[in-house]
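So the chains spell out like this:
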Amino acid sequence: MTTTPPQVARPPLYRNVNVLKWVFQLVVFFIVLAILFWLANNYLTRSQDLGIPTSFDFLDQPTSFDITGADFSPAEPVRNAYLVGIGNTIRISAVGIVFATALGILVGIGRLSRNWVVNKLSTVFVESLRNIPLLVIMTFCFLGIVLQLFPRIEEAWNLGGLVIVSNRGVSVTWFEGTTVAALLGFLFLGVAGWWLIARWRRGVFERTGAPTRAGLLGSSFLILVMVTGWFVLGATVTTPEVAGRAVAGGIRVDPSYFAVLVALVIYTASHIAEITRGSIQAVPKGQGEAGSALALSGSQRLWFVVLPQAMRIAIPPIGNQYLNLIKNSSLGAAFAYFDLTLVAQITVGNGKPAVPAFVLALVFYVVLSLITSTFVNLANRHFKLVER
Amino acid sequence: MKPIKLLAVLTALTLVFAACTSDGDSDSSTTEGEGGNGGTGDGGSVLEAVLDRGVVNCGTRDAFPGFAVLTEDGDHVGFDSDFCRVIAAAVFGDAEAVEHVDLETADRFTALQSGSIDVLVRNTTFTAARDGGEGATFLSVNYYDGQGMMVNTGDYSSIEEMQGAIVCVAQGTTTEGNAAAESARLGLDWEVRPFEDTDLLQEAFQSGQCDGWSSDTSQLTGFRSVYPDGPDALTILPEVFSKEPLAPAVADGDSQWAAVVNWAIMATIQAEEYGITQANVDQMRDSDDAAIVMFLTGATTDEEGNATTFDPGLGLPADFAYEVISQVGNYGEIFDRHLTPLGLERGVNALWTDGGLLYAMPYK
């Protein structure tokens, strides 16, 4: 004998939760769309009345300004200026992220150190820099350090003949006669060779028990490759020298770039330090104790047991700080650093329409942030705990 | 939800809306550009909006020696500030019926376009790109300037010696483009560094980061006069490498308001040509010269010899020129009050009768 399931009366449409969910979402969607449409329409009609162009044609007009530190002429179209600005933003963001992470993790570990001096220094670093607005830090770096502390070009500091420091920039001994890409190619070869050597030696170790000496062999191989590459490419060293009111030779680090980079690095590092400290403390104490039970030393415990687990927790907030750094790099515009924001500002100041110019900059920042957060999410997914 | 949570949410919402409306009120009382202003597509005219409001919103700056300086008493003092007062005196008969709105260089045209200011009197160069794409209409030039270069005394004696120099300029101005063009023209390979803030620029220049400071010569003279190390520490090089006619600007689309501002400015030049000063304007009202009397009071006689009032249809009161001269002064007096103490000479800014470029259109 079959039993029929009890019939459940379906609620009327206006009380049916599934229907209401969709209706509500659609209504909100259309309201948002309507607002955006009204804003755009308002802008377009008003601009038309005033005779202000609203298209992106300004990208093809000559820029009529110069960009320092780049191979750029005022006759080039605005789109090239934007490309230079984008390049500068990416450059300072990438370098800033690398240094800030390194410094931040070190300082974060330092805050948990049992060495009183290291502990106190790290605490002062973090607590002071976290509480000062970035623009103030940047102004201090530019006015205080670059303009006041660094000497005038006539009295430039010469550090061992390798580095010349003045308030017009820092010139460092560099190579010439070849490109960065070529040298990086050799570096890549050297590192790949090191990796292969390490694999080989690990195999040897497993078969015979002989020490791997992977570090020694690998690094000698890398040095060999780099030296060979240097001579093959015909690179030479250029040392900077003061010539009149400028510095000849070497590679010059723009003073604005230097000030903005230093400010971004120390500010973001202070935040990353706090994140690192918090995530180290979030690792269960038992892990560290298990490490000592296995006779691991303090630094071995940190490096092999605690830090890997702590970094797993720290990846999303550190990724957040990376996004902050990218956006904060736009403050460099106030200090004559030609990032994207400054290029957009000067473009508008020279008579190009404001809204399209800034919409373009906006879109780029969004794209860069999305790319960065995608990488961070990938890293997170790779490292996170996979639970059954 | 629980009553306490509901209360918290309602309080937060009330605070947010209270903040919004109070902002709206203060906006409408001071800038009110968005409201009744516009004159283009809004259906209203700028002159009507200004008359309703009772003050002229004049875009200016706050720390430019000689042209517009915000003093400790809260007054704007300077050449451009006085021309703001000229416009107010012409429209309202009261030179103080003006609201000086301080603007950054990068925002000045957007403020004009959006209507938050009625007129921009801010040492702005009249160029084709601004006349066209920026939605601005430029009026009678009130100062013919040129771009120059300022260096530490003794460093250079001519621009041509500045090979590979670092030149600092202000952002968002014609200066950057002109400096780049001049550098290319003479093959000097300058490094042009633009600063947003003039204080930062001065710091950079003083600390030796810049070899030269380039800007309009009038600006350089002004900044030189207040330089911390003294004006003699700086020299303005003799070369002038661009035309920088500085003129007031209004937003495109309202020719009546443009004419009002234009004739108010020209009244100061015409007054100097007639020899009318702040001191003698009252006597000049009863002058034998019918042209002067008509200019100052609008009183004239028609073909039959009957007394009548000349109304050119500008929308200004008949005696606007009298109010302008008696309350602010003629062009020469305004120049002498603010620019002569800096060491600027009339030069091309003299009247056309003295060989200069200032020429007022005939008021008839």
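What counts, and at which threshold
Residues numbered from 1 in each chain as written. Chains lettered and ligands numbered in written order. Predicted model: local features only at pLDDT ≥ 70, side-chain atom pairs only at ≥ 80, totals over all residues. Helix = DSSP H or I, 4+ residues; strand = E, 2+ residues; numbered from the N terminus. Rg over C-alpha atoms; globule rule 2.2 N^0.38 Å. Contact = placed C-beta atoms within 7 Å. Axes fitted to C-alpha atoms, helices over the stretch in contact; angles between N-to-C directions. Parallel < 35°, antiparallel > 145°, perpendicular 65-115°, else oblique. Left-handed = near helix turned anticlockwise from the far one by under 90°. Nonpolar A, V, L, I, M, F, W, Y, C, P; charged D, E, K, R; others polar. Pairing = 2+ DSSP bridges. Buried ≥ 20, exposed ≤ 12 C-beta atoms within 10 Å, placed from the backbone. Expected span 1.5 Å × (residues − 1).

A.B. asks: Looking at this model, I keep getting lost on the overall build of chain A. Mind explaining?
C.D. replies: Counting its secondary structure elements, chain A contains 11 helices and 8 strands. Here chain A has a C-alpha radius of gyration of 28 Å; the compact-globule value for 388 residues is 21 Å, and the former is much larger. Projecting the C-alpha coordinates of chain A onto the three principal axes gives extents of approximately 85 × 75 × 45 Å. Intrachain contacts of chain A at a sequence separation of at least 6 include 67% that bridge at least 24 residues.

A.B. asks: Would you take a moment to explain the packing of helix H2 (residues 78–110) of chain A against helix H7 (residues 255–282) of chain A for this structure?
C.D. replies: How two helices sit against one another is set out by the angle between their axes and by the gap between those axes. Residues and elements named next belong to chain A. Direction vectors running N to C along H2 and H7 enclose 40°, while the axes themselves pass 7 Å from each other. By the angle between their axes, H2 is oblique relative to H7. Like other packed secondary-structure pairs, H2 and H7 cross with a definite hand, here right-handed. Here Ile-92, Val-95, Gly-96, Phe-99, Ala-100, Thr-101, Leu-103, Gly-104, Ile-105, Val-107, Gly-108 and Ile-109 of H2 come into contact with H7, specifically with Tyr-257, Val-260, Leu-261, Leu-264, Val-265, Thr-268, Ala-269, Ile-272, Ala-273, Glu-274, Thr-276 and Arg-277. Here the residues of the contact of H2 with H7 sort into 16 nonpolar, 6 polar and 2 charged.

A.B. asks: Explain the environment of Val-16 of chain B to me, please; I cannot follow it from the model alone.
C.D. replies: Within the secondary structure, Val-16 of chain B sits in helix H1 (residues 3–30). For the pair Val-16 of chain B and Pro-238 of chain B, spaced 222 residues apart in sequence, the C-alpha to C-alpha distance is 58 Å.

A.B. asks: Just checking my understanding: could you explain the sheet that holds strand S1 (residues 157–159) of chain A for this structure?
C.D. replies: By definition, the strands of a sheet pair up through backbone hydrogen bonds, in either a parallel or an antiparallel sense. All names here are of chain A. Read across the sheet, 4 strands follow the order S1-S2-S3-S8 without closing on themselves; strand pairing throughout is antiparallel. Each edge of the open sheet carries a strand with a single partner, namely S1 and strand S8 (251–253). Across the sheet, the axes of successive neighbouring strands diverge by a mean angle of 20°, strand direction being ignored. In this structure, strand S3 (residues 169–172) lies alongside S8, joined through 3 bridges in antiparallel fashion. Paired with Val-172 across the bridge in S8 is Ile-251.

A.B. asks: I tried to follow the interface of chain A and chain B on my own but got confused; where do I start?
C.D. replies: Accessible area lost upon the coming together of the parts serves often as the stated size of an interface. Taken together, the contact pairs 32 residues of chain A with 37 residues of chain B. At the level of elements, helix H1 (17–50), helix H4 (134–149) and helix H10 (340–349) of chain A are the ones that each hand at least two residues to the side of chain A that touches chain B. A per-class count over the side of chain A that touches chain B returns 16 nonpolar, 10 polar and 6 charged.

A.B. asks: What is the right way to look at unusual backbone geometry in this model?
C.D. replies: Negative phi is the rule for most residues except glycine; trans is the rule for most peptide bonds. Residues and elements named next belong to chain A. The phi torsion at Arg-213 lies on the positive side, around 50°, for a residue other than glycine. Relative to the assigned elements, Arg-213 resides in the loop between helix H5 (180–208) and helix H6 (214–233). Since 14 C-beta atoms lie within 10 Å of it, Arg-213 is described here as partly exposed. Even without glycine at this site, Ala-336 takes up a positive phi of about 65°. The class of Ala-336 is buried, set by 27 C-beta atoms lying within 10 Å.

A.B. asks: Is there a simple way to explain the sheet that holds strand S3 (residues 68–70) of chain B in this structure?
C.D. replies: Residues and elements named next belong to chain B. With antiparallel pairing, the 3 strands of this open sheet are ordered in space as S2-S3-S4. The open sheet is flanked by strand S2 (63–64) and strand S4 (76–77), the only strands paired with a single partner. Judged from the 2 bridges that link them, S3 and S4 form a sheet pairing that is antiparallel. Across the sheet, Leu-70 pairs through a bridge with His-76, a residue of S4.

A.B. asks: Help me out: how do you make sense of helix H7 (residues 174–186) of chain B in this one?
C.D. replies: Side chains three or four residues apart in an α-helix point the same way, a direct result of the helix having 3.6 residues per turn. Spanning 13 residues, H7 of chain B covers 18 Å between terminal C-alpha atoms, matching the ideal 18 Å at 1.5 Å per step. For H7 of chain B, the full list of buried residues reads Thr-174, Thr-175, Glu-176, Gly-177, Asn-178, Ala-179, Ala-180, Glu-182 and Ser-183 of chain B. Elements in contact with the buried residues of H7 of chain B: H10 of chain A together with strand S8 (143–152), strand S9 (166–170), strand S10 (191–195), strand S11 (212–216) and strand S13 (243–246) of chain B. Within two residues after H7 of chain B, Gly-187 of chain B carries a phi angle of roughly 65°, on the positive side.

A.B. asks: Which parts of the structure should I look at to understand the environment of Ser-270 of chain A?
C.D. replies: Structurally, Ser-270 of chain A can be placed in helix H7. Each C-alpha atom of the pair Ser-270 of chain A and Val-107 of chain A lies 7.7 Å from the other, and the pair is 163 residues apart in sequence.

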